[in-house]
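The primary structure of each chain is shown beneath.
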Amino acid sequence: MSVSIRLSRGGAKKRPYYKIVVSNSRAPRDGKYLEQVGTYNPILAKDDENRVRLVEDRVRYWIGVGAQPTDRVARLLDKAGIKERAATVNAKKGEPGQKAKDRAEEKAEKLREAEEAAAAAAAAPAAEEAPAEAAAEESTEA
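Residues numbered from 1 in each chain as written. Predicted model: local features only at pLDDT ≥ 70, side-chain atom pairs only at ≥ 80, totals over all residues. Heavy atoms only, no water.

### Focus: the overall build of the protein chain
So, step 1. Looking only at helices and strands, one finds three helices and five strands in the protein chain.
So, step 2. Its helices and strands in sequence order give the protein chain the pattern β-β-β-β-α-β-α-α, from N to C terminus.
So, step 3. Counting all 142 residues of the protein chain, 20% fall into the buried class.
So, step 4. Total accessible area computed for the protein chain in this model is approximately 10800 Å², and 51% of it derives from carbon and sulfur atoms. (Helix = DSSP H or I, 4+ residues; strand = E, 2+ residues; numbered from the N terminus. Buried < 20%, exposed > 50% of the residue type's maximum accessible area, 1.4 Å probe, protein only. Areas by Shrake-Rupley, 256 points an atom, 1.4 Å probe, with all protein chains shown as cover.)

So this is what it looks like as C-alpha cells:
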C-alpha cells in the first residue's frame, strides 16, 4: 500500500481549513485516512503560530516508514524544519507564450516599416528641395 501525507479539506465555502493526514494514496481526498498529523489554516496570517500545527514525532515516523508528502505538505514540512525540500526552478514561467511572441514580432515589424516610410518621406522632400536650391543659386550667380 502506497502511503501519502496530504491535505484533507474542510471548512465552509471560500473559508478553507485543512487537516494534514496520512492516507492511502488511492483513497479520496476527503475520505478515510490512517492518522491526522496536523492542521493547516491558510486564512490566518503567515506569521501566526496556529497557521500550521504538526505532531512532529508522528510526521517523522511516517516519513521514516516511507510515506510521501505531496508538494504543498512538503513545503509546510520544509518550513517547520522536518524534511528538507529541494527548491524547484521553472525557467519558462516568465516567458510569454508562442502567440504573444508572434504578436510582438508583428508589432515590431510594423514599427520598423513605419520608421522606414517616415525616413523615406523625409528624404524625398529634401531631395526635391536640393535641385531647386541649386537652380536658385545658379540664377543668382549669373
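Moving on from the coordinates now.
### A word on the pattern of salt bridges
So, step 1. Within this structure, the stated rule accounts for six salt bridges.
So, step 2. The closest approach of N and O atoms between Asp30 and Arg29, which form a salt bridge, is 2.8 Å.
So, step 3. Between Glu35 and Arg58 there is a salt bridge; the shortest N-O distance is 2.9 Å. Highlighted residues: Glu35 in strand β3 (residues 35-40) and Arg58 in helix α1 (residues 56-64), separated in sequence by 23 residues.
So, step 4. Residue classification places Arg58 among the partly exposed positions, given a relative accessible area of 28%. (Salt bridge = Lys/Arg side-chain N within 4 Å of Asp/Glu carboxyl O.)

### Digging into a negative patch on the surface
So, step 1. Taken together, the side chains of Asp102, Glu105, Glu106, Glu109, Glu113, Glu115 and Glu116 make up a negatively charged region of the molecular surface.
So, step 2. Position of Glu116 relative to the elements: it lies in helix α3 (residues 98-141).
So, step 3. Under the relative-accessibility criterion, Glu116 is labelled exposed at 53%. (Patch = residues over 30% accessible without salt bridge, like charges linked within 9 Å, V, L, I, M, F, W, Y side chains within 5 Å. Lys, Arg positive; Asp, Glu negative; His and termini not counted. Charge placed at Lys NZ, Arg CZ, Asp CG, Glu CD.)

### Thoughts on the nonpolar core
One recurring pattern in soluble globular proteins is that nonpolar side chains are buried together.
So, step 1. By size, the foremost hydrophobic cluster in this structure holds 15 residues, and its most contacted members are Ile5, Leu7, Ile20, Val37 and Trp62.
So, step 2. Elements with a contribution of two residues or more to this core: β1 (3-12), β2 (15-24), β3, α1 and α2 (71-80).
So, step 3. Not counting residues within four places of it along the chain, the set of residues in contact with Val37 comprises Ile5, Ile20, Val21, Val22, Arg53, Leu54, Val55, Arg58, Val59 and Trp62. (Core = buried A, V, L, I, M, F, W, Y, C linked by side-chain atoms within 4.5 Å. Contact = heavy atoms within 4.5 Å.)

### A few points about α2
So, step 1. When α2 is considered as a whole, its buried residues turn out to be Val73, Ala74, Leu76 and Leu77. All buried residues of α2 project into a common sector of 160° when viewed along the axis, lining one side.
So, step 2. In this structure, the buried residues of α2 make contact with β1, β2, β3, β4 (52-54), α1 and β5 (68-69).
So, step 3. Following α2 by one or two positions, Gly81 has its phi on the positive side, about 85°. (Arc of directions from axis to C-beta.)

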